[in-house]
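The residues making up each chain are set out below.
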Amino acid sequence: MYDKLSHLGSQILQPQSADITKPDTLTPALEGASAVVSLVGVLVGDAKVMEKVQKEGAENVARVSRELGVKRTVMISAIGADALGETP
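Residues numbered from 1 in each chain as written. Predicted model: local features only at pLDDT ≥ 70, side-chain atom pairs only at ≥ 80, totals over all residues. Heavy atoms only, no water.

1. Quick look at the overall build of the protein chain
Part 1 of the reasoning: When you go through the protein chain residue by residue, the secondary structure sums to 3 helices and 2 strands.
Part 2 of the reasoning: The N-to-C order of helical and strand elements in the protein chain reads α-α-β-α-β.
Part 3 of the reasoning: For the protein chain, the residues scored as buried account for 18% of the 88 residues in total.
Part 4 of the reasoning: A separation of at least 24 residues holds for 60% of the contacts in the protein chain among residues at least 6 apart in sequence.
Part 5 of the reasoning: Carbon and sulfur atoms form 56% of the exposed surface of the protein chain, whose accessible area is close to 6,800 Å². (Helix = DSSP H or I, 4+ residues; strand = E, 2+ residues; numbered from the N terminus. Buried < 20%, exposed > 50% of the residue type's maximum accessible area, 1.4 Å probe, protein only. Contact = heavy atoms within 4.5 Å. Areas by Shrake-Rupley, 256 points an atom, 1.4 Å probe, with all protein chains shown as cover.)

Below is the structure:
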């Protein structure tokens, strides 16, 4: 079974630092990707921090991915999706 998966290591880009709140740092990190999985999120912080990371940051990842022609983008949020929840 592992032999069938051994080629996957050559298909994954090297990790790079990026700040999702600064779109110009995303381009070099995402260039050459055919898929992006964003797992960035914060669990604590005021409404301003939540807005900056959870909303604007996610929008930045999606926009830059689209601009670079990434075919698949998956976003996983760190906050609940409950409209009546405590998270702003």
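2. Things to note about the nonpolar core
Part 1 of the reasoning: In terms of nonpolar packing, the biggest core is built from 9 residues, these being Ile 20, Leu 26, Leu 30, Ala 33, Val 36, Val 53, Val 61, Val 64 and Val 70.
Part 2 of the reasoning: Listing elements by their share of this core, those giving two or more residues are helix H2 (23-30) and helix H3 (47-67).
Part 3 of the reasoning: Broken down by element, this core gets its largest block of residues, 3 residues, from H3.
Part 4 of the reasoning: Look past the residues within four positions of Leu 26 in its chain and what remains in contact with it is Ala 18, Asp 19, Ile 20, Asn 60, Val 61 and Val 64. (Core = buried A, V, L, I, M, F, W, Y, C linked by side-chain atoms within 4.5 Å.)

3. Some details on the side chain of Asn 60
Part 1 of the reasoning: Positionally, Asn 60 belongs in helix H3.
Part 2 of the reasoning: A distance of 2.6 Å separates a polar atom in the side chain of Asn 60 from a polar atom in the side chain of Arg 63.
Part 3 of the reasoning: Apart from the residues lying within four places of it in its own chain, the contact partners of Asn 60 are Ile 20, Thr 21, Lys 22, Pro 23 and Leu 26. (Polar contact = N/O pair within 3.5 Å; in protein donor to acceptor, adjacent residues only side chain to side chain.)

4. Examining the packing of H2 against H3
For any two helices packed against each other, the geometry is given by the interaxial angle and the distance between the axes.
Part 1 of the reasoning: One way to put it is that H2 packs onto H3 with a least axis distance of 10 Å and a crossing angle of 50°. Judged on the interaxial angle alone, H3 and H2 are oblique. Relative to H3, H2 is oriented so that their crossing is right-handed. When H2 is examined against H3, the residues Pro 23, Leu 26, Thr 27 and Leu 30 are found in contact with a partner set consisting of Asn 60, Val 61, Arg 63, Val 64 and Ser 65. (Axes fitted to C-alpha atoms, helices over the stretch in contact; angles between N-to-C directions. Parallel < 35°, antiparallel > 145°, perpendicular 65-115°, else oblique. Left-handed = near helix turned anticlockwise from the far one by under 90°.)

5. Structural notes on the pairing of strand S2 (residues 72-75)
Part 1 of the reasoning: Note: strand S1 (residues 35-38) against S2, 4 bridges, orientation parallel. In the sheet register, Ser 38 faces S2, and the bridge partner there is Met 75.
Part 2 of the reasoning: Traced from S1 through H3 to S2, the parallel crossover comes out right-handed. (Pairing = 2+ DSSP bridges. Right-handed = clockwise from strand over helix to strand, strands pointing away.)

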